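# Summary of structural features
Here are the chains, one letter per residue:
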Amino acid sequence: MWYHKPVINEELLQSLPNLKVVASSGVGIDHLDLNILSSYGVKVSNTPFIVSTDTADLGMALMLASSRRLVEGYEMAVSPDTEYFPADWLGVEISGATLGILGMGTIGYKVAERAKAFEMKILYHNRNQRKKEEESAVGAVYCKTVDELLQQSDFVLLSVNLTPQTCKLIGKRELELMKRTATVINISRGLVVDQDALVEALQNKVIKAAALDVTYPEPLPRDHPLLKLKNVIITPHIGSATKKTRWIMMEEMAESIQAGLAGLPIPHEVL
C-alpha cells in the first residue's frame, strides 16, 4: 500500500482469498481495520523507524519556515511589485523559545534532539514518561497534562499516532489555552487537529500561526480557507519524502511481503 491505496475493505478481502500480507508504507496504520484483516488471516506490516529522521527534520524545517516567515519573504523577494524591503517586516526567534512536543515517540524525541541544538526549552507530553536519562540527554521536561504544555509553549509540535483518543486532540478549547503568540506544527495526521477550530483561531488571532504537513482531506479543496491565510504554511505530506528513505521503505515492504509469502516472521509486523 502506498498513500493508503488500494483501500482495504471487506469487499476487496473477499475477492482476494489467497491474500497473506498487506505491506503498508510509513508508520501510521489508522487507514487499516486490523480486526477485519485479522479475521481473514491477513498479516500487516509497516515501515515505522526509517521515516523518523526525515520527519523530524521536516518538523524543524516547518518551525523555522513559519517563525521566520520564509514563504512570505520569498514571495516578497520575487514579486514584480516589490520596490523595497520594509524594515519592520519581522519574524520571531526560536532560539531560547519553548517547544512543546505532544507525542514523544521516536519522531518526537528526534525533534527534541534537534531543538536542543537551537537552545530551546523543551516540554513534552506522552502516554508514558521517558526515562530520566533520556529526558536529561535533550533537556526535556515532562508535563503531566496536555493543558499544562499548551499554556507554556511558544511552539506546539504534534507527533502522535492517530487513534480515537487523539482524533481532534487540538480543538477550540485547546487552541484558546495557547499563547496568542503560539504556533502549531503538525507532522502527524490532519485529523489530530480540529481544522475548523484552527481556521477560526488563526483568523481571530487566538494563535499566531500554523505549519502543517498534514491536513484532511489531502489535498485540501482549492477553496479551503486554510489556503488563503498568510499565517499558514502547508506542505503536501512529505515527512518521509527523501530519495534514500523512500527507497528503503520500498525495500522493507518487499522484505515483509517475501517473508509473509514464505511463512516466515514478518519484519515490523503490526500486531
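Residues numbered from 1 in each chain as written. Predicted model: local features only at pLDDT ≥ 70, side-chain atom pairs only at ≥ 80, totals over all residues. Heavy atoms only, no water.

Going by what an unreviewed UniProt entry lists, the protein chain is known as Glyoxylate reductase/hydroxypyruvate reductase and is assigned to Atrichornis clamosus. Within the UniProt record for the protein chain, the comment given under Sequence similarities (unreviewed entry) is "Belongs to the D-isomer specific 2-hydroxyacid dehydrogenase family." (UniProt positions renumbered as here; feature names shortened; annotations may be inferred.)

On to the nonpolar core. By size, the foremost hydrophobic cluster in this structure holds 30 residues, and its most contacted members are Leu175, Met178, Leu198, Ile207 and Leu226. Listing elements by their share of this core, those giving two or more residues are helix H7 (146-152), strand E6 (155-158), helix H9 (195-203) and strand E8 (209-212). The biggest single contributor to this core is H9, with five residues. Grouped together as the second largest cluster of nonpolar side chains are 28 residues, Met60, Leu99, Ala140 and Ile233 included. (Core = buried A, V, L, I, M, F, W, Y, C linked by side-chain atoms within 4.5 Å. Buried < 20%, exposed > 50% of the residue type's maximum accessible area, 1.4 Å probe, protein only. Helix = DSSP H or I, 4+ residues; strand = E, 2+ residues; numbered from the N terminus.)

Right, let's talk about the pattern of salt bridges for a bit. This model, assessed by the stated rule, comprises eleven salt bridges. The shortest N-O distance in the salt bridge between Asp57 and Arg114 comes to 2.6 Å. A residue pair is termed long-range when its members are at least 10 positions apart, and Asp57 in helix H3 (residues 52-67) and Arg114 in helix H5 (residues 106-117) qualify at 57 residues. For Arg114, a relative accessible area of 21% puts it in the partly exposed group. The closest approach of N and O atoms between Lys172 and Glu176, which form a salt bridge, is 3.1 Å. Pair noted here: Lys172 and Glu176 are both in helix H8 (residues 172-177), with a separation of four residues, about one helical turn. Assessed through its relative accessible area of 46%, Lys172 is described here as partly exposed. Within this structure, Asp147, Arg173 and Glu174 form a network of salt bridges that share partners. (Salt bridge = Lys/Arg side-chain N within 4 Å of Asp/Glu carboxyl O.)

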